[in-house]
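Per-entry structural report
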Amino acid sequence: AGPGSYTVGTMSERFDCFYCRDSLQGKKYVQKEGRHCCVKCFDKICANTCIECKKPIGADSKELHFKNRYWHDTCFCCVKCHKSLVNEPFMLRENNKVWCGDCTTSEDAPKCKGCFKPIIAGDQNVQYKKMVWHKDCFTCSQCKKVIGSGSFFPKGDDFYCVSCHENKFAKTCAKCKNPITSGGLTYQEQPWHSECFICSNCKKQLGGKRFTAVEDEFYCVECYKECVAKKCAGCKNPITGFGRGTSVVNYEDESWHDYCFKCTRCARGLANKRFVRHNGKIYCAECPKRL
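Reading guide: rules and limits
Residues numbered from 1 in each chain as written. Predicted model: local features only at pLDDT ≥ 70, side-chain atom pairs only at ≥ 80, totals over all residues. Heavy atoms only, no water. Helix = DSSP H or I, 4+ residues; strand = E, 2+ residues; numbered from the N terminus. Lys, Arg positive; Asp, Glu negative; His and termini not counted. Charge placed at Lys NZ, Arg CZ, Asp CG, Glu CD. Core = buried A, V, L, I, M, F, W, Y, C linked by side-chain atoms within 4.5 Å. Buried < 20%, exposed > 50% of the residue type's maximum accessible area, 1.4 Å probe, protein only. Contact = heavy atoms within 4.5 Å. Domains from an automatic or database assignment. Salt bridge = Lys/Arg side-chain N within 4 Å of Asp/Glu carboxyl O. 1 Å grid on protein atoms, 1.4 Å probe; cavity = no way out; pocket = protein on both sides within 12 Å on 5 of 7 lines; lining within 4 Å. Points joined across faces, edges and corners; volume = space filled by probe spheres on them. Nonpolar A, V, L, I, M, F, W, Y, C, P; charged D, E, K, R; others polar. Pairing = 2+ DSSP bridges.

**Quick look at the overall build of the protein**
Scanning the protein from N- to C-terminus turns up four helices and 21 strands. Taken along the three principal axes of its C-alpha coordinates, the protein extends 165 × 30 × 20 Å. Taking the average place of the 48 positive charges on the side chains of the protein and the average place of its 31 negative ones, the gap between the two points comes to 9 Å.

Now the structure itself:
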């Protein structure tokens, strides 16, 4: 901004005001664009209008101008912080308002979604999906502790630290009752940690493997055969329910694979058929008659 394009002085010779024709000799006058006029006529006819206060800039006032816009020197202030911008860097923005450098930077800076104040260069911040926060304003919606640059989980318009997300949203393991934060498996509509869903005997994880459930306990195939499964009264091997012979024949206190339950004499399969037990052995209905 610079001074106005006119001069003010006191006339020493005979000279008349260009407008009112009054003598200017011995009086204060203004010269503008080659014309001399009294102060009164200058203020009324020639003075520029201050773009800020909308009043004329009289001969007795200091004038500043920039790009065909004029201000009283006392009106040339930052519109936001009201600091005088005479001899200071400034920016002319919308509506012909002048801004100091600091306020311009602040106005153009992104606004923190937490405190709604500007985030200026050098401020530590967190950005997520076109939103930005001061680092200390990015807090957990549940416990209100600062998340900062740590891990978090978004839920709608809310954000949760790892601990609060686990407590509020994570499934709870059917065995240890602690939250399942990642992985895990489901059995009979109940969630389990992989490390909790194990064989009751050898403690190996059962995820993705064949197993048998017995009275709320789980066993891998080998441990079930060795520790739990009944032994076939015929072949003496464990009855596991896996592979061949998944059907079991039970009689009194003994069990057989269905393919082992056969006549001792003719080897005829007796599963789902009439049979006779004689001296601890199994026979078809016909063979005891031949003994």
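There's plenty left to go through after this.
**Focus on the nonpolar core**
In terms of nonpolar packing, the biggest core is built from 13 residues, with Trp-71, Phe-76 and Leu-85 touching the most fellow members. Ranked by the residues each element gives to this core, the list is headed by strand 7 (residues 97–100), at three residues. Excluding anything up to four places from it in sequence, Leu-85 contacts Phe-76, Cys-77, Cys-78, Phe-90, Val-98, Trp-99 and Cys-100.

**Things to note about the side chain of His-72**
Structurally, the position occupied by His-72 is in strand 5 (residues 69–72). Classification of His-72 as buried rests on a relative accessible area of 10%. If we ignore the near neighbours within four places in the chain, the residues touching His-72 are Cys-50, Cys-53, Lys-55, Pro-56, Ile-57, Ser-61 and Lys-62.

**Here we look at the domain arrangement of the protein**
Under the domain assignment, the protein is made up of domain 1 (30–97), domain 2 (109–167), domain 3 (170–227) and domain 4 (229–284). Using C-alpha coordinates to define each centre, domain 1 is positioned 46 Å away from domain 2.

**Notes on the pattern of salt bridges**
Under the defined criterion, the tally for this structure stands at four salt bridges. With a closest N to O distance of 3.6 Å, Glu-52 and Lys-97 form a salt bridge. With a gap of 45 residues between them, Glu-52 in the loop between helix 1 (39–46) and strand 4 (63–66) and Lys-97 in strand 7 connect regions that are remote in the sequence. Relative accessible area serves as the criterion here: at 33%, Glu-52 is assigned to the partly exposed category. What makes Lys-97 partly exposed here is its relative accessible area of 27%. For Glu-254, the salt bridge goes to Arg-277, with nearest N and O atoms at 2.3 Å. Here Glu-254 is found in strand 19 (residues 254–257), whereas its partner Arg-277 is found in strand 20 (residues 275–278), with 23 residues between them in sequence.

**Comments concerning the layout of surface pockets**
A volume near 200 Å³ is recorded for the largest pocket. In terms of lining residues, the largest pocket is bounded by 14 residues, among which Ala-233, Gly-234, Trp-256, Thr-264 and Ile-282 are the most central. Broken down by class, the residue content of the lining of the largest pocket amounts to six nonpolar, three polar and five charged.

**Here's the deal with the pairing of strand 6 (residues 90–93)**
Of the strand pairs in this sheet, strand 6 and strand 7 are connected by four bridges, and their pairing is antiparallel. Bridge assignment links Arg-93 to a residue of strand 7, and that residue is Lys-97. Remark: three residues form the turn of the hairpin made by strand 6 and strand 7, two consecutive strands paired antiparallel; Asn-95 in that turn has positive phi of roughly 60°.

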